[in-house]
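What follows is the residue order along each chain.
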Amino acid sequence: MKDTVLKKFEEVFGSAEGARVYFAPGRVNLIGEHTDYNGGHVFPCALTIGTYGVARQREDNRLRFYSMNFGGLGVIESSLEDLTPSKQAGWTNYPKGVMWAFEQRGMKLPFGMDLLLNGNIPNGSGLSSSASVEVLTGYILRDFFGFDVTNQDLALIGQYSENQFNMVNCGIMDQFAIAMGRKDNAIFLDTADLSYEYAPIALKGAKIVIACSNKKRGLGDSKYNERRSECETALAQLQQAVNIKTLGELDEKAFEEYKNAIGDEIGRKRAKHAVYENQRTIRAVEALKANDVERFGQLMNASHVSLRDDYEVTGAELDTLVEEAWKIEGVIGSRMTGAGFGGCTVSIVKDEAIDKFIGQVGKAYQEKIGYAADFYVVEIGDGPGRV
(Lines give C-alpha, C1' and ligand atoms only; values in the text may rest on other atoms or scores of the structure.)
Protein backbone atom coordinates (compact mmCIF):
# COMPACT_ATOMS: atom_id res chain seq x y z
CA MET A 1 0.00 0.00 0.00
CA LYS A 2 2.88 2.39 0.76
CA ASP A 3 4.16 2.26 -2.82
CA THR A 4 0.61 2.66 -4.18
CA VAL A 5 -0.14 5.82 -2.21
CA LEU A 6 3.28 7.36 -2.84
CA LYS A 7 2.91 6.76 -6.58
CA LYS A 8 -0.54 8.37 -6.56
CA PHE A 9 0.77 11.32 -4.52
CA GLU A 10 3.48 11.90 -7.11
CA GLU A 11 0.89 11.69 -9.90
CA VAL A 12 -1.50 14.15 -8.19
CA PHE A 13 0.97 16.64 -6.69
CA GLY A 14 3.87 16.51 -9.18
CA SER A 15 6.45 14.78 -7.01
CA ALA A 16 6.66 12.79 -3.79
CA GLU A 17 9.85 14.43 -2.57
CA GLY A 18 9.65 15.17 1.16
CA ALA A 19 6.40 13.24 1.55
CA ARG A 20 5.81 10.92 4.53
CA VAL A 21 3.41 7.99 4.74
CA TYR A 22 1.16 7.36 7.76
CA PHE A 23 -1.58 4.94 8.83
CA ALA A 24 -4.44 5.11 11.33
CA PRO A 25 -6.73 2.10 11.87
CA GLY A 26 -10.45 1.74 11.81
CA ARG A 27 -12.13 0.24 14.85
CA VAL A 28 -14.86 -2.16 15.78
CA ASN A 29 -16.67 -2.20 19.10
CA LEU A 30 -17.09 -5.74 20.41
CA ILE A 31 -19.70 -4.77 23.01
CA GLY A 32 -20.89 -1.60 24.77
CA GLU A 33 -22.96 0.31 22.22
CA HIS A 34 -24.41 3.79 22.79
CA THR A 35 -22.89 3.75 26.27
CA ASP A 36 -19.97 6.07 25.53
CA TYR A 37 -22.00 9.27 25.83
CA ASN A 38 -23.93 7.86 28.81
CA GLY A 39 -20.92 7.50 31.11
CA GLY A 40 -20.63 3.77 30.60
CA HIS A 41 -18.03 1.24 29.48
CA VAL A 42 -17.10 0.27 25.93
CA PHE A 43 -14.91 -2.52 24.58
CA PRO A 44 -13.51 -1.59 21.14
CA CYS A 45 -10.39 -2.67 19.30
CA ALA A 46 -8.37 -1.17 16.46
CA LEU A 47 -8.29 -3.07 13.17
CA THR A 48 -5.59 -3.72 10.60
CA ILE A 49 -7.75 -1.95 7.99
CA GLY A 50 -7.87 1.84 8.14
CA THR A 51 -6.69 5.03 6.45
CA TYR A 52 -3.35 5.61 4.76
CA GLY A 53 -2.13 9.17 4.39
CA VAL A 54 0.71 10.75 2.44
CA ALA A 55 1.54 14.23 3.65
CA ARG A 56 4.05 16.88 2.69
CA GLN A 57 4.63 20.16 4.44
CA ARG A 58 4.31 23.28 2.29
CA GLU A 59 6.11 26.60 2.67
CA ASP A 60 2.88 28.61 2.39
CA ASN A 61 -0.49 28.36 4.12
CA ARG A 62 -2.27 26.46 1.33
CA LEU A 63 -4.00 23.14 1.92
CA ARG A 64 -4.42 20.70 -0.94
CA PHE A 65 -6.42 17.52 -0.32
CA TYR A 66 -6.94 14.46 -2.49
CA SER A 67 -8.73 11.21 -1.62
CA MET A 68 -8.26 8.06 -3.67
CA ASN A 69 -11.69 7.00 -2.39
CA PHE A 70 -13.30 10.07 -3.97
CA GLY A 71 -10.97 10.45 -6.94
CA GLY A 72 -13.67 12.01 -9.09
CA LEU A 73 -13.65 15.09 -6.86
CA GLY A 74 -10.02 15.83 -7.79
CA VAL A 75 -7.83 18.05 -5.63
CA ILE A 76 -9.81 20.14 -3.13
CA GLU A 77 -7.98 23.33 -2.21
CA SER A 78 -8.26 25.45 0.91
CA SER A 79 -5.98 27.39 3.23
CA LEU A 80 -5.20 27.80 6.92
CA GLU A 81 -7.20 31.05 6.79
CA ASP A 82 -10.28 29.08 5.79
CA LEU A 83 -10.68 26.51 8.58
CA THR A 84 -14.46 26.69 8.50
CA PRO A 85 -16.91 23.88 7.76
CA SER A 86 -18.82 23.95 4.49
CA LYS A 87 -20.89 21.59 2.38
CA GLN A 88 -18.60 22.24 -0.59
CA ALA A 89 -15.58 21.02 1.41
CA GLY A 90 -17.12 17.52 1.59
CA TRP A 91 -14.82 14.93 3.19
CA THR A 92 -12.09 17.55 3.78
CA ASN A 93 -14.19 18.91 6.66
CA TYR A 94 -12.69 16.07 8.74
CA PRO A 95 -8.98 16.92 8.39
CA LYS A 96 -9.80 20.65 8.39
CA GLY A 97 -11.79 20.18 11.60
CA VAL A 98 -8.76 18.66 13.32
CA MET A 99 -6.52 21.51 12.13
CA TRP A 100 -9.11 23.96 13.49
CA ALA A 101 -9.23 22.06 16.81
CA PHE A 102 -5.43 22.22 17.18
CA GLU A 103 -5.57 25.98 16.64
CA GLN A 104 -8.42 26.25 19.18
CA ARG A 105 -6.03 24.71 21.69
CA GLY A 106 -3.40 27.33 20.93
CA MET A 107 -1.34 25.16 18.56
CA LYS A 108 -1.02 27.42 15.54
CA LEU A 109 -0.15 25.62 12.32
CA PRO A 110 2.89 27.36 10.80
CA PHE A 111 2.49 25.90 7.29
CA GLY A 112 -0.05 24.26 5.05
CA MET A 113 0.30 20.81 3.51
CA ASP A 114 -0.50 18.54 0.62
CA LEU A 115 -2.43 15.53 1.89
CA LEU A 116 -3.50 12.39 0.02
CA LEU A 117 -5.69 9.79 1.73
CA ASN A 118 -6.62 6.23 0.81
CA GLY A 119 -8.87 4.27 3.14
CA ASN A 120 -9.62 0.55 2.96
CA ILE A 121 -12.43 0.85 5.51
CA PRO A 122 -15.76 0.45 3.68
CA ASN A 123 -17.25 3.96 3.46
CA GLY A 124 -20.41 4.39 5.56
CA SER A 125 -19.81 1.02 7.23
CA GLY A 126 -19.74 2.24 10.81
CA LEU A 127 -16.11 1.16 11.28
CA SER A 128 -15.15 4.76 11.94
CA SER A 129 -13.61 6.03 8.75
CA SER A 130 -14.20 9.62 9.94
CA ALA A 131 -12.50 9.06 13.31
CA SER A 132 -9.64 7.28 11.51
CA VAL A 133 -9.12 10.36 9.32
CA GLU A 134 -9.26 12.61 12.40
CA VAL A 135 -6.66 10.65 14.38
CA LEU A 136 -4.48 10.31 11.29
CA THR A 137 -4.57 14.08 10.71
CA GLY A 138 -3.72 14.78 14.35
CA TYR A 139 -0.82 12.33 14.23
CA ILE A 140 0.53 14.00 11.07
CA LEU A 141 0.28 17.48 12.63
CA ARG A 142 2.15 16.29 15.74
CA ASP A 143 4.83 14.64 13.61
CA PHE A 144 5.25 17.66 11.33
CA PHE A 145 5.19 20.46 13.84
CA GLY A 146 6.32 18.82 17.10
CA PHE A 147 3.19 19.63 19.11
CA ASP A 148 3.28 18.32 22.68
CA VAL A 149 0.23 16.06 22.60
CA THR A 150 -0.24 12.42 23.60
CA ASN A 151 -2.19 9.83 21.65
CA GLN A 152 -4.99 10.26 24.19
CA ASP A 153 -4.96 13.99 23.40
CA LEU A 154 -5.28 13.11 19.70
CA ALA A 155 -8.45 11.18 20.54
CA LEU A 156 -9.92 14.10 22.49
CA ILE A 157 -8.99 16.60 19.76
CA GLY A 158 -10.60 14.34 17.14
CA GLN A 159 -13.80 14.07 19.17
CA TYR A 160 -13.86 17.83 19.79
CA SER A 161 -13.47 18.54 16.07
CA GLU A 162 -16.30 16.14 15.18
CA ASN A 163 -18.59 17.66 17.85
CA GLN A 164 -17.83 21.33 17.28
CA PHE A 165 -16.71 21.54 13.64
CA ASN A 166 -18.68 18.76 11.96
CA MET A 167 -21.60 18.98 14.42
CA VAL A 168 -21.88 15.25 15.05
CA ASN A 169 -22.50 14.66 18.72
CA CYS A 170 -20.28 11.55 18.97
CA GLY A 171 -18.81 10.12 22.16
CA ILE A 172 -15.11 9.47 22.74
CA MET A 173 -14.99 5.76 21.90
CA ASP A 174 -14.12 5.80 18.20
CA GLN A 175 -11.21 8.21 18.39
CA PHE A 176 -9.92 6.63 21.62
CA ALA A 177 -9.93 3.09 20.20
CA ILE A 178 -8.07 4.26 17.09
CA ALA A 179 -5.51 6.46 18.84
CA MET A 180 -4.81 3.96 21.64
CA GLY A 181 -5.11 0.67 19.72
CA ARG A 182 -2.84 -2.25 20.58
CA LYS A 183 -2.36 -5.41 18.53
CA ASP A 184 -4.37 -8.43 19.73
CA ASN A 185 -5.99 -6.40 22.53
CA ALA A 186 -9.31 -4.67 22.98
CA ILE A 187 -9.63 -1.61 25.21
CA PHE A 188 -11.91 -1.76 28.24
CA LEU A 189 -12.65 1.95 28.57
CA ASP A 190 -14.70 3.72 31.21
CA THR A 191 -15.97 6.72 29.25
CA ALA A 192 -16.91 8.57 32.46
CA ASP A 193 -13.28 9.18 33.47
CA LEU A 194 -11.24 7.72 30.54
CA SER A 195 -9.65 5.08 32.77
CA TYR A 196 -8.87 2.04 30.66
CA GLU A 197 -7.13 -1.30 30.53
CA TYR A 198 -6.01 -3.51 27.67
CA ALA A 199 -7.61 -6.95 27.55
CA PRO A 200 -5.97 -9.62 25.37
CA ILE A 201 -8.36 -11.16 22.84
CA ALA A 202 -7.49 -14.85 22.63
CA LEU A 203 -10.13 -16.37 20.37
CA LYS A 204 -8.62 -19.82 20.09
CA GLY A 205 -10.06 -21.44 16.99
CA ALA A 206 -12.32 -18.48 16.14
CA LYS A 207 -12.09 -15.14 14.36
CA ILE A 208 -13.86 -11.79 14.25
CA VAL A 209 -15.97 -11.42 11.12
CA ILE A 210 -17.51 -8.10 10.13
CA ALA A 211 -20.55 -8.05 7.87
CA CYS A 212 -21.16 -4.71 6.14
CA SER A 213 -24.83 -4.12 5.33
CA ASN A 214 -23.99 -1.67 2.52
CA LYS A 215 -26.91 0.46 3.62
CA LYS A 216 -25.55 3.99 3.44
CA ARG A 217 -26.15 6.27 6.36
CA GLY A 218 -24.75 9.55 7.65
CA LEU A 219 -24.22 9.90 11.38
CA GLY A 220 -25.20 13.55 11.45
CA ASP A 221 -28.53 13.03 9.73
CA SER A 222 -29.38 9.73 11.43
CA LYS A 223 -31.33 9.49 14.65
CA TYR A 224 -28.07 9.39 16.60
CA ASN A 225 -28.44 12.89 18.02
CA GLU A 226 -32.09 12.14 18.82
CA ARG A 227 -31.11 9.11 20.91
CA ARG A 228 -28.56 11.19 22.75
CA SER A 229 -31.17 13.80 23.54
CA GLU A 230 -33.63 11.14 24.77
CA CYS A 231 -30.98 9.79 27.15
CA GLU A 232 -30.14 13.28 28.42
CA THR A 233 -33.83 13.91 29.16
CA ALA A 234 -34.16 10.55 30.94
CA LEU A 235 -31.03 11.28 32.98
CA ALA A 236 -32.33 14.70 34.04
CA GLN A 237 -35.58 13.09 35.24
CA LEU A 238 -33.72 10.33 37.11
CA GLN A 239 -31.55 12.97 38.80
CA GLN A 240 -34.69 14.25 40.53
CA ALA A 241 -34.87 10.88 42.31
CA VAL A 242 -31.28 9.69 42.68
CA ASN A 243 -27.90 11.41 42.96
CA ILE A 244 -26.10 10.42 39.74
CA LYS A 245 -24.07 12.24 37.10
CA THR A 246 -24.49 9.65 34.32
CA LEU A 247 -26.69 6.67 33.49
CA GLY A 248 -23.55 4.54 33.71
CA GLU A 249 -23.55 4.91 37.50
CA LEU A 250 -26.66 2.77 37.84
CA ASP A 251 -26.80 -1.01 37.81
CA GLU A 252 -29.91 -2.97 36.82
CA LYS A 253 -31.30 -3.15 40.37
CA ALA A 254 -30.98 0.60 40.93
CA PHE A 255 -32.47 1.35 37.53
CA GLU A 256 -35.53 -0.80 38.22
CA GLU A 257 -35.94 0.97 41.56
CA TYR A 258 -35.88 4.48 40.11
CA LYS A 259 -37.06 4.05 36.50
CA ASN A 260 -40.55 5.44 37.13
CA ALA A 261 -38.94 8.86 37.65
CA ILE A 262 -38.62 8.88 33.84
CA GLY A 263 -41.85 10.37 32.54
CA ASP A 264 -42.41 8.37 29.36
CA GLU A 265 -42.06 4.82 28.07
CA ILE A 266 -39.63 5.76 25.26
CA GLY A 267 -37.28 7.48 27.71
CA ARG A 268 -37.40 4.46 30.03
CA LYS A 269 -36.49 2.11 27.17
CA ARG A 270 -33.56 4.28 26.07
CA ALA A 271 -32.20 4.60 29.61
CA LYS A 272 -32.71 0.89 30.26
CA HIS A 273 -30.52 0.04 27.29
CA ALA A 274 -27.77 2.40 28.45
CA VAL A 275 -27.76 0.92 31.98
CA TYR A 276 -28.10 -2.75 31.04
CA GLU A 277 -25.62 -2.50 28.16
CA ASN A 278 -23.02 -1.01 30.47
CA GLN A 279 -23.42 -3.92 32.90
CA ARG A 280 -23.27 -6.41 29.99
CA THR A 281 -19.97 -4.88 28.90
CA ILE A 282 -18.45 -5.21 32.37
CA ARG A 283 -19.55 -8.86 32.51
CA ALA A 284 -18.33 -9.57 29.00
CA VAL A 285 -14.79 -8.48 29.87
CA GLU A 286 -14.92 -10.59 33.04
CA ALA A 287 -15.99 -13.57 30.90
CA LEU A 288 -13.10 -12.99 28.50
CA LYS A 289 -10.62 -12.83 31.38
CA ALA A 290 -12.00 -16.18 32.56
CA ASN A 291 -11.52 -17.61 29.03
CA ASP A 292 -15.31 -18.02 28.75
CA VAL A 293 -15.75 -17.01 25.10
CA GLU A 294 -19.18 -18.70 24.95
CA ARG A 295 -20.46 -16.37 27.71
CA PHE A 296 -18.96 -13.41 25.88
CA GLY A 297 -20.93 -14.46 22.80
CA GLN A 298 -24.19 -14.74 24.75
CA LEU A 299 -23.72 -11.19 26.02
CA MET A 300 -23.07 -9.98 22.46
CA ASN A 301 -26.39 -11.55 21.41
CA ALA A 302 -28.21 -9.91 24.34
CA SER A 303 -26.66 -6.58 23.37
CA HIS A 304 -28.20 -6.81 19.90
CA VAL A 305 -31.65 -7.64 21.30
CA SER A 306 -31.47 -4.56 23.52
CA LEU A 307 -30.30 -2.35 20.64
CA ARG A 308 -33.18 -3.69 18.55
CA ASP A 309 -35.99 -3.55 21.12
CA ASP A 310 -35.08 -0.86 23.66
CA TYR A 311 -32.80 1.50 21.74
CA GLU A 312 -34.38 0.87 18.33
CA VAL A 313 -31.31 1.57 16.21
CA THR A 314 -30.97 -1.65 14.22
CA GLY A 315 -33.38 -1.84 11.25
CA ALA A 316 -34.13 -4.64 8.81
CA GLU A 317 -30.62 -4.84 7.36
CA LEU A 318 -28.73 -5.30 10.63
CA ASP A 319 -31.44 -7.53 12.12
CA THR A 320 -31.29 -9.82 9.09
CA LEU A 321 -27.50 -10.14 9.29
CA VAL A 322 -27.60 -10.94 13.01
CA GLU A 323 -30.64 -13.21 13.05
CA GLU A 324 -29.27 -15.26 10.13
CA ALA A 325 -25.90 -15.48 11.93
CA TRP A 326 -27.58 -16.86 15.06
CA LYS A 327 -28.93 -19.80 13.02
CA ILE A 328 -25.45 -21.08 12.16
CA GLU A 329 -23.63 -23.57 14.35
CA GLY A 330 -20.18 -22.21 15.13
CA VAL A 331 -21.30 -18.60 15.56
CA ILE A 332 -20.34 -17.78 19.16
CA GLY A 333 -22.00 -14.36 19.16
CA SER A 334 -23.25 -11.71 16.75
CA ARG A 335 -24.51 -8.16 17.11
CA MET A 336 -24.74 -4.83 15.34
CA THR A 337 -21.83 -2.51 16.00
CA GLY A 338 -21.53 1.25 15.65
CA ALA A 339 -24.27 3.86 15.62
CA GLY A 340 -26.80 1.60 13.87
CA PHE A 341 -29.35 2.36 11.13
CA GLY A 342 -27.07 0.54 8.68
CA GLY A 343 -23.36 -0.06 8.97
CA CYS A 344 -22.02 -3.37 10.23
CA THR A 345 -22.42 -6.37 12.44
CA VAL A 346 -19.58 -8.01 14.34
CA SER A 347 -19.56 -11.77 14.92
CA ILE A 348 -17.21 -14.23 16.58
CA VAL A 349 -17.18 -17.31 14.38
CA LYS A 350 -15.35 -20.62 14.78
CA ASP A 351 -12.76 -21.11 12.05
CA GLU A 352 -14.49 -24.15 10.55
CA ALA A 353 -17.81 -22.24 10.25
CA ILE A 354 -16.53 -19.04 8.58
CA ASP A 355 -17.16 -20.11 4.96
CA LYS A 356 -20.63 -21.41 5.81
CA PHE A 357 -21.37 -18.21 7.76
CA ILE A 358 -20.41 -15.96 4.84
CA GLY A 359 -22.27 -18.13 2.32
CA GLN A 360 -25.52 -18.62 4.22
CA VAL A 361 -25.83 -15.18 5.78
CA GLY A 362 -24.88 -13.54 2.47
CA LYS A 363 -27.49 -15.55 0.53
CA ALA A 364 -30.31 -14.89 3.02
CA TYR A 365 -29.42 -11.17 3.16
CA GLN A 366 -29.44 -10.80 -0.63
CA GLU A 367 -32.82 -12.55 -0.84
CA LYS A 368 -34.44 -10.52 1.92
CA ILE A 369 -32.88 -7.07 1.45
CA GLY A 370 -32.33 -7.12 -2.31
CA TYR A 371 -28.62 -6.29 -2.47
CA ALA A 372 -25.42 -7.91 -1.23
CA ALA A 373 -23.57 -7.57 2.06
CA ASP A 374 -19.76 -7.63 2.24
CA PHE A 375 -17.81 -9.74 4.72
CA TYR A 376 -14.39 -9.12 6.26
CA VAL A 377 -12.42 -11.51 8.44
CA VAL A 378 -10.41 -9.00 10.47
CA GLU A 379 -7.45 -8.87 12.82
CA ILE A 380 -6.84 -6.57 15.76
CA GLY A 381 -4.05 -4.10 15.06
CA ASP A 382 -2.07 -1.22 16.54
CA GLY A 383 -2.88 2.49 16.71
CA PRO A 384 -1.58 5.19 14.34
CA GLY A 385 2.00 5.45 13.09
CA ARG A 386 4.49 6.25 10.32
CA VAL A 387 4.64 3.57 7.64
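Note that the structure is predicted; figures quoted are calculated from it, not measured. (Residues numbered from 1 in each chain as written. Predicted model: local features only at pLDDT ≥ 70, side-chain atom pairs only at ≥ 80, totals over all residues. Heavy atoms only, no water.)

### Thoughts on the environment of Q360
Link 1 in the chain: Residue position: Q360 is located in helix α11 (residues 354–369).
Link 2 in the chain: Relative accessible area serves as the criterion here: at 41%, Q360 is assigned to the partly exposed category.
Link 3 in the chain: Each C-alpha atom, one on Q360 and one on E324, is 7.8 Å from the other, the two residues being 36 residues apart in sequence. (Helix = DSSP H or I, 4+ residues; strand = E, 2+ residues; numbered from the N terminus. Buried < 20%, exposed > 50% of the residue type's maximum accessible area, 1.4 Å probe, protein only.)

### Focus on the nonpolar core
Link 1 in the chain: Counting 45 residues, the largest nonpolar core has F102, M113 and L141 as its most contacted members.
Link 2 in the chain: Secondary structure elements with two or more residues in this core: β1 (20–29), β4 (62–67), α2 (93–104), β6 (113–119), α3 (129–145), α4 (151–164), α5 (173–179) and β7 (185–190).
Link 3 in the chain: Sort the elements by how many residues they give to this core and α3 lands first, with nine residues.
Link 4 in the chain: Excluding residues that lie within four positions of it along the chain, L141 makes contacts with V98, M99, F102, L109, M113, G146 and F147.
Link 5 in the chain: In terms of nonpolar packing, the next biggest core, distinct from the first, is built from 31 residues, L30, F43, I49 and I380 among them. (Core = buried A, V, L, I, M, F, W, Y, C linked by side-chain atoms within 4.5 Å. Contact = heavy atoms within 4.5 Å.)

### Some points on the packing of helix α9 (residues 293–309) against helix α10 (residues 315–326)
Link 1 in the chain: Relative to each other, α9 and α10 sit at 150°, their axes nearing to 12 Å. With respect to each other, α9 and α10 are oriented roughly antiparallel. In terms of crossing hand, the pair formed by α9 and α10 is left-handed. On the side of α9, the interface is formed by N301, H304, V305 and R308, while α10 contributes L318, D319, V322, E323 and W326.
Link 2 in the chain: Its residues assigned to classes, the contact of α9 with α10 shows four nonpolar, two polar and three charged. (Axes fitted to C-alpha atoms, helices over the stretch in contact; angles between N-to-C directions. Parallel < 35°, antiparallel > 145°, perpendicular 65-115°, else oblique. Left-handed = near helix turned anticlockwise from the far one by under 90°. Nonpolar A, V, L, I, M, F, W, Y, C, P; charged D, E, K, R; others polar.)

### Structural notes on α11
Link 1 in the chain: Here α11 contains 16 residues, and its C-alpha end-to-end distance of 21 Å stays within 8% of the 22 Å for a straight helix at 1.5 Å per residue.
Link 2 in the chain: Turning to α11, its buried residues are I354, F357, V361, G362, A364, Y365 and I369.
Link 3 in the chain: Packing partners of the buried residues in α11 comprise β9 (206–212), α10, β10 (331–337), β11 (344–350) and β12 (374–378).
Link 4 in the chain: The first or second residue beyond α11 is G370, which carries a positive phi of 100°. (Expected span 1.5 Å × (residues − 1).)

### Some points on the packing of aromatic side chains
Link 1 in the chain: If you walk through the whole model with that rule in mind, you get 18 aromatic pairs.
Link 2 in the chain: An angle of 70° between the planes, with centres 6.1 Å apart, marks the rings of Y22 and Y139 as edge-to-face. A residue pair is termed long-range when its members are at least 10 positions apart, and Y22 in strand β1 and Y139 in helix α3 qualify at 117 residues. This pair shows no difference in class: Y22 is buried, exactly as Y139 is.
Link 3 in the chain: Ring geometry for F255 and Y276: centres 6.4 Å apart, planes at 90°, overall edge-to-face. Of this pair, F255 sits in helix α7 (residues 252–258) while Y276 sits in helix α8 (residues 265–289), and the two are 21 residues apart along the sequence. Each member of the pair, F255 as well as Y276, is classed as buried. (Phe/Tyr/Trp six-rings, centres within 6.5 Å; stacked < 30°, edge-to-face > 60°.)

### A look at the sheet that holds β7
Link 1 in the chain: Strands sit in the order β2-β7-β8 across an open sheet of three strands; the sheet is antiparallel. The open sheet has two edge strands, β2 (41–42) and β8 (195–200), and neither has a second partner.
Link 2 in the chain: Pairing between β2 and β7: two bridges, direction antiparallel. Looking across to β7, one finds that V42 is bridged to L189. (Pairing = 2+ DSSP bridges.)

### Observations regarding the sheet that holds strand β3 (residues 44–57)
Link 1 in the chain: Here six strands make up an open sheet; going across it, the order is β5-β4-β6-β3-β1-β13 and the pairing mixed. In the strand order of this sheet, the two ends are held by β5 (76–79) and β13 (385–386), each with one partner.
Link 2 in the chain: Pairing geometry for β4 and β6, over five bridges, is parallel. Bridging from a neighbouring strand, R64 pairs with D114 of β6.

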